[in-house]
Amino acid sequence: MAQSVLIPSPPAIAASSYLLMDPKSGTILMEENSHERLPPASLTKMMTAYIVERELDEGRISMSDMVPVSVNAWKTGGSRTFIQEGTQVPVEDLLKGVIIQSGNDASVALAEFVAGSEDAFVDIMNQQAQLLGMKDTHFENATGLPAKDHYSTAHDLALLAQAIINDYPENYGLYAEKHFTYNNIRQPNRNSLLWRDDSVDGLKTGHTEEAGYCLVASAKKGDTRFIAVVMGTDSTAARAREIQKMLNYGFRYYTTEKLFSQGQELVSSRVWGGLQNDVSIGVTGDVYVTIPRGARQNLESSVDLDSVIRAPVSAGDELGRVTVLYDGKSIVDQPVVALSEVPEGGLFKRLWDAVKLFFVQLFQ
């Protein structure tokens, strides 16, 4: 019998709220006040960048498009990329300005370019937040500058980081760049962990008087990645230190395991009245779990299928559920589906199968 793996309690974290998540499985390993609504400061720009990346992915804009810089964008205060009013700047440079330099001016310029005005862009931000399941988030601007009713949570920001990493991996490399030069002004990425920890490859810092010092960071070792969020720490050093403690805990004691692949046959089952007698059954997407290191042998999986499967069967039809237990607790419980179609058989085949099914059920 496999022995339980012993895991210590998570470390104490000096922050108003915090969370550590595995973005592949969605498992949360530690959290405190993670649904408390707090000002997100420049962590807001993660959503600004996400929407721009979505527009790029869907072909509505391109990295080489030239964006006119308005007076409104140019005069936006706070951290800046130092774009000049009346000039035109490529989308790529503005996106780097948002992600690497945390430029408020670049954020407003992109918002105006994508939606016509910052207000219209904010409406898109709030719609997108709801689509991502960010239930405790509301934006009032594209920058994170202080505003009434502008708030988010550690949990929601982790969901946003998860979407950035999983949905648009082709652009995620921007979050790891340590410097960006625009208008002959070279500015560093404010995420100091990029210099200290080779496994850290993003995402975003934030700071205002109201919000304190905030950081969303992600790190990857082998096939395991974690997202860590802290909000309301008391210094740049503190936010980096607390994030590092969370990441160290995650990598020391946990690992991500891929259990099933999309399209992989888990089982096959009899189909009654079909052109074929059997159908392959699997999952709709890759299935990952986050478990203690060395604990894979403690997993138990089972597939519970519908008692009778009748043709016609279409690919994607739900035919049962797969469950995975760790130490007796469910960590996976999701549908299994037909991986291919099984059309109805001819009249004789349907009648013959009906007779056989009658006797099968009679003697069960």
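Residues numbered from 1 in each chain as written. Predicted model: local features only at pLDDT ≥ 70, side-chain atom pairs only at ≥ 80, totals over all residues. Heavy atoms only, no water.

Digging into the overall build of the protein chain
Then, number 1: Scanning the protein chain from N- to C-terminus turns up 10 helices and 16 strands.
Then, number 2: Considering only C-alpha atoms, the protein chain reaches an extent of 80 × 50 × 35 Å along its principal axes.
Then, number 3: Scored against the burial criterion, the 364 residues of the protein chain give a buried share of 49%.
Then, number 4: Intrachain contacts of the protein chain at a sequence separation of at least 6 include 64% that bridge at least 24 residues.
Then, number 5: Taken as a whole, the protein chain presents about 16,700 Å² of accessible surface, with 48% of it coming from carbon and sulfur.
Then, number 6: Both charge centroids of the protein chain, one from 32 positive and one from 46 negative side chains, sit 5 Å from each other. (Helix = DSSP H or I, 4+ residues; strand = E, 2+ residues; numbered from the N terminus. Buried < 20%, exposed > 50% of the residue type's maximum accessible area, 1.4 Å probe, protein only. Contact = heavy atoms within 4.5 Å. Areas by Shrake-Rupley, 256 points an atom, 1.4 Å probe, with all protein chains shown as cover. Lys, Arg positive; Asp, Glu negative; His and termini not counted. Charge placed at Lys NZ, Arg CZ, Asp CG, Glu CD.)

Some details on the pairing of strand S16 (residues 329-338)
Then, number 1: Examined bridge by bridge, strand S12 (residues 278-282) and S16 share 2 bridges and lie antiparallel to one another. Residue pairing across strands places Gly282 opposite Val337, the latter belonging to S16.
Then, number 2: Bridge count for strand S15 (residues 318-326) against S16 is 8 bridges, and the pairing is antiparallel. The partner of Glu318 across the bridge, within S16, is Val337.
Then, number 3: Once S15 ends, the chain turns through 2 residues before running back antiparallel as S16, passing Asp327 with a positive phi of about 50 degrees. (Pairing = 2+ DSSP bridges.)

Digging into the pattern of salt bridges
Then, number 1: All told, the structure shown has 13 salt bridges when counted by the stated rule.
Then, number 2: Note that Glu55 and Arg60 form a salt bridge whose closest N and O atoms lie 3.1 Å from each other.
Then, number 3: With a shortest N-O distance of 3.6 Å, Lys258 and Asp286 are connected by a salt bridge. With Lys258 in strand S10 (residues 254-260) and Asp286 in the loop between S12 and strand S13 (287-292), this pair connects stretches of sequence that are 28 residues apart.
Then, number 4: Taking relative accessible area as the criterion, Lys258 reaches 36% and is therefore assigned partly exposed.
Then, number 5: Look at Asp286 and you get partly exposed, because its relative accessible area is 38%.
Then, number 6: A cluster of three or more residues bridged by salt bridges with shared partners is formed by Arg54, Glu55, Glu58 and Arg60. (Salt bridge = Lys/Arg side-chain N within 4 Å of Asp/Glu carboxyl O.)

Some words on the sheet that holds strand S2 (residues 28-32)
Then, number 1: Pairing within the open sheet is antiparallel, and its 5 strands lie in the order S2-S1-S9-S8-S7. The strands lining the two open edges of the sheet, one partner per strand, are S2 and strand S7 (200-208). Between one strand axis and the next, the sheet turns through 5 degrees on average, direction left out of account.
Then, number 2: Of the pairings in the sheet, the one linking strand S1 (residues 17-21) to strand S9 (residues 224-233) comprises 5 bridges and is antiparallel in character. What sits directly across from Tyr18, in S9, is Val230.
Then, number 3: Contacts between helix H9 (residues 236-253) and the sheet are confined to S1, S2, S7, strand S8 (212-221) and S9, with S9 contributing the most and set at about 150 degrees to the helix. (Axes fitted to C-alpha atoms, helices over the stretch in contact; angles between N-to-C directions.)

Overview of helix H5 (residues 118-131)
Then, number 1: An ideal rise of 1.5 Å per residue puts 20 Å on 14 residues; H5 measures up with 20 Å between its terminal C-alpha atoms.
Then, number 2: Within H5 the residues assigned to the buried category are Glu118, Phe121, Val122, Met125, Asn126, Gln128 and Ala129. The arc that holds every buried residue of H5, seen down its axis, measures 160 degrees, which confines them to one face. Projecting away from the buried face of H5 at angles above 90 degrees are the exposed residues Asp119 and Leu131.
Then, number 3: Lining the buried residues of H5 we find helix H1 (45-57) and helix H4 (104-115).
Then, number 4: One or two residues past the end of H5 sits Gly133, with phi positive at roughly 80 degrees. (Expected span 1.5 Å × (residues − 1). Arc of directions from axis to C-beta.)

Concerning unusual backbone geometry
A negative phi holds for most residues other than glycine; trans holds for most peptide bonds.
Then, number 1: Of note, the amide linkage connecting Gly202 to Leu203 takes the cis form, showing an omega dihedral of 20 degrees.
Then, number 2: Of note, Leu203 is situated in strand S7.
Then, number 3: Residue Ala311 is joined to Pro312 through a cis peptide bond whose omega torsion reads 5 degrees.
Then, number 4: On the secondary structure map, Pro312 appears in the loop between strand S14 (299-305) and S15.
Then, number 5: The residue Ala41 is not glycine, and still its phi comes out positive at about 50 degrees.
Then, number 6: Considering the arrangement of structural elements, one finds Ala41 in the loop between S2 and H1.
Then, number 7: You will see that Ser102, though not glycine, has its phi angle at about 60 degrees, which is positive.
Then, number 8: Looking at where Ser102 falls in the secondary structure, it is placed in the loop between helix H3 (91-99) and H4.

Overview of the nonpolar core
Then, number 1: Within the largest apolar cluster, 60 residues are counted, with the highest numbers of intra-cluster contacts made by Met47, Leu160, Leu203 and Val216.
Then, number 2: Ranked by residues supplied to this core, first place goes to helix H6 (residues 154-167) with 9 residues.
Then, number 3: Setting aside residues no more than four positions away along its own chain, Val216 makes contact with Leu43, Met46, Leu157, Ala161, Gly202, Leu203, Lys204, Ile227, Ala228 and Val229. (Core = buried A, V, L, I, M, F, W, Y, C linked by side-chain atoms within 4.5 Å.)

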